[in-house]
Amino acid sequence: MASPQDQNPVLDDDVPMDALIALLHQKYPFNSQYTTASEKAATKTAILEECVKFNMRPYYEMICDAFGWPIDQKLVESMNATNEKKVTDLDAAIKDAQENLGDTEVREALLAKCDFFARIGDIDACIEFNEECGKKTIAVGPRLDLCFQRIRLGISFSSNEVAAKGIQDAHRLIKDGDWERRNRLQVYEGLYHVFIRDFKKGSQLLLDSLSTFAATELLNFKQFIFITVISALVT
């Protein structure tokens, strides 16, 4: 992964890096023996500021537990209150769509709640509503996007089971998908195999994606090249 200083340069046509993936990149220094104390302090500040800014209560508690940081209970209570109000608003929008609008609006309302849970780092709730959205989605492209979201969640939280299930579901749909999403799936799957230390399969998938790279929600091209080269070298 990259340092916080080099995590997300975005070209004009690129998709911004997924927020949870960006935090995964920022977490990396804490697992590196080459990171200085001042770099770790700066990264901790950046992560906590992100959690506070977006009321990421589930993620905040998870990251504090993982790194032994003290939990601010007053902050947790404030986040909970804000998030509960947001959920109430989202539920009202879903109810209105179900009672007064059509399936498209119901799906969009469910997706908004799904994306909200992703943004605050609530993996279980996000997956629940992701699957609910899938039941309301007919078009292959949006269904694949839901699979991609689950894969990103699995990668972000080091849940191999969630990521693998997302990849498996995407493969069932990809034959009817567009080329851009096929290329993205190749990068997603390649990174997944690198993370589970299947470097041979991962590096091959990444190498095959060199000329068609299109997954800046996961990493920028410089990071993609670095991971591709390193994974190829260790096979």
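Scroll up to find the structure.
For every chain, the first residue of the written sequence is number 1, and numbering continues from 1 onward in sequence order. In keeping with the model being predicted, local features are shown solely for residues with a pLDDT of at least 70 and side-chain atom pairs are shown and tallied solely at 80 or more, while totals for entire chains, interfaces and linings include all residues. Side-chain numbers come from the whole structure's heavy atoms, not from hydrogens or water.

### Observations concerning the overall build of the chain
Quick note on the threshold: Secondary structure counts use DSSP, requiring at least four H or I residues in a row for a helix and at least two E residues in a row for a strand, with both numbered from the N terminus. Throughout, the radius of gyration refers to the C-alpha atoms, and the reference size of a globule is 2.2 Å times the residue count to the power 0.38. We call two residues contacting when some pair of their heavy atoms lies within 4.5 Å.
When its secondary structure is counted, the chain shows eleven helices and zero strands. N-terminal to C-terminal, the α/β element order of the chain is α-α-α-α-α-α-α-α-α-α-α. In terms of overall dimensions, the chain is globule-like: its C-alpha atoms have a radius of gyration of 19 Å, near the 18 Å expected for 235 residues. Across its three principal axes, the chain shows a C-alpha extent of roughly 55 × 50 × 35 Å. Contacts in the chain between residues far apart in sequence, at least 24 positions, make up 55% of those at least 6 positions apart.

### What about the pattern of salt bridges?
Convention followed: Each reported salt bridge corresponds to a side-chain nitrogen of Lys or Arg within 4 Å of a carboxyl oxygen of Asp or Glu. Here the term buried applies to any residue with accessible area under 20% of the maximum for its type, exposed to any over 50%, and partly exposed to those in between, with areas from a 1.4 Å probe on protein chains only.
Within this structure, the stated rule accounts for 15 salt bridges. In this structure, lysine 175 and aspartate 176 form a salt bridge, with 3.2 Å as the shortest nitrogen-oxygen distance. Lysine 175 sits in the exposed class, given a relative accessible area of 60%. Aspartate 176 sits in the exposed class, given a relative accessible area of 53%. One network of salt bridges, in which partners are shared, links Asp145, Asp178, Glu180, Arg181, Arg184 and Glu217.

### Digging into unusual backbone geometry
In this structure, asparagine 55 takes a positive phi of about 50 degrees despite not being glycine. Its location among the elements puts asparagine 55 in the loop between helix 2 (37-53) and helix 3 (57-67). One non-glycine residue with positive phi stands out, namely serine 158, at about 55 degrees. Relative to the elements of secondary structure, serine 158 occurs in the loop between helix 7 (140-156) and helix 8 (160-173). Look at serine 158 and you get exposed, because its relative accessible area is 58%.

### Observations concerning the packing of aromatic side chains
As a reminder of what qualifies: By convention, a stacked pair of Phe, Tyr or Trp rings (six-membered ring in the case of Trp) has centres within 6.5 Å and planes under 30 degrees apart, an edge-to-face pair has planes over 60 apart, and any other such pair is tilted. Placement of a positive charge over a ring is assigned whenever Lys NZ or Arg CZ falls within 6 Å of the ring centre and within 35 degrees of the normal to the ring plane.
Scanning the model with the defined rule gives eight aromatic pairs in all. A centroid spacing of 5.3 Å and a plane angle of 35 degrees characterise the contact between phenylalanine 67 and tryptophan 69, whose relative ring orientation is tilted. Its relative accessible area of 23% is what places phenylalanine 67 among the partly exposed residues. An aromatic cluster of at least three residues, connected via ring pairs, comprises Phe116, Phe117 and Phe129. The ring of phenylalanine 54 carries the charged tip of arginine 119 above its face, separated from the ring centre by 3.6 Å. One Lys or Arg, arginine 182, reaches over the ring of tryptophan 179 and ends 4.7 Å from the middle of that ring.

### Quick notes on the side chain of serine 209
Applied cut-off: Nitrogen and oxygen atoms within 3.5 Å of one another constitute a polar contact, given that in protein one can donate a hydrogen and the other can accept it, and given that sequence-neighbouring residues count only through two side-chain atoms.
Looking at where serine 209 falls in the secondary structure, it is placed in the loop between helix 10 (199-208) and helix 11 (221-233). Of the polar contacts made by the side chain of serine 209, one reaches the backbone oxygen of leucine 205; its length is 2.8 Å. When near neighbours in sequence (up to four residues on either side) are disregarded, serine 209 contacts Asn183, Gln186, Val187 and Phe224.

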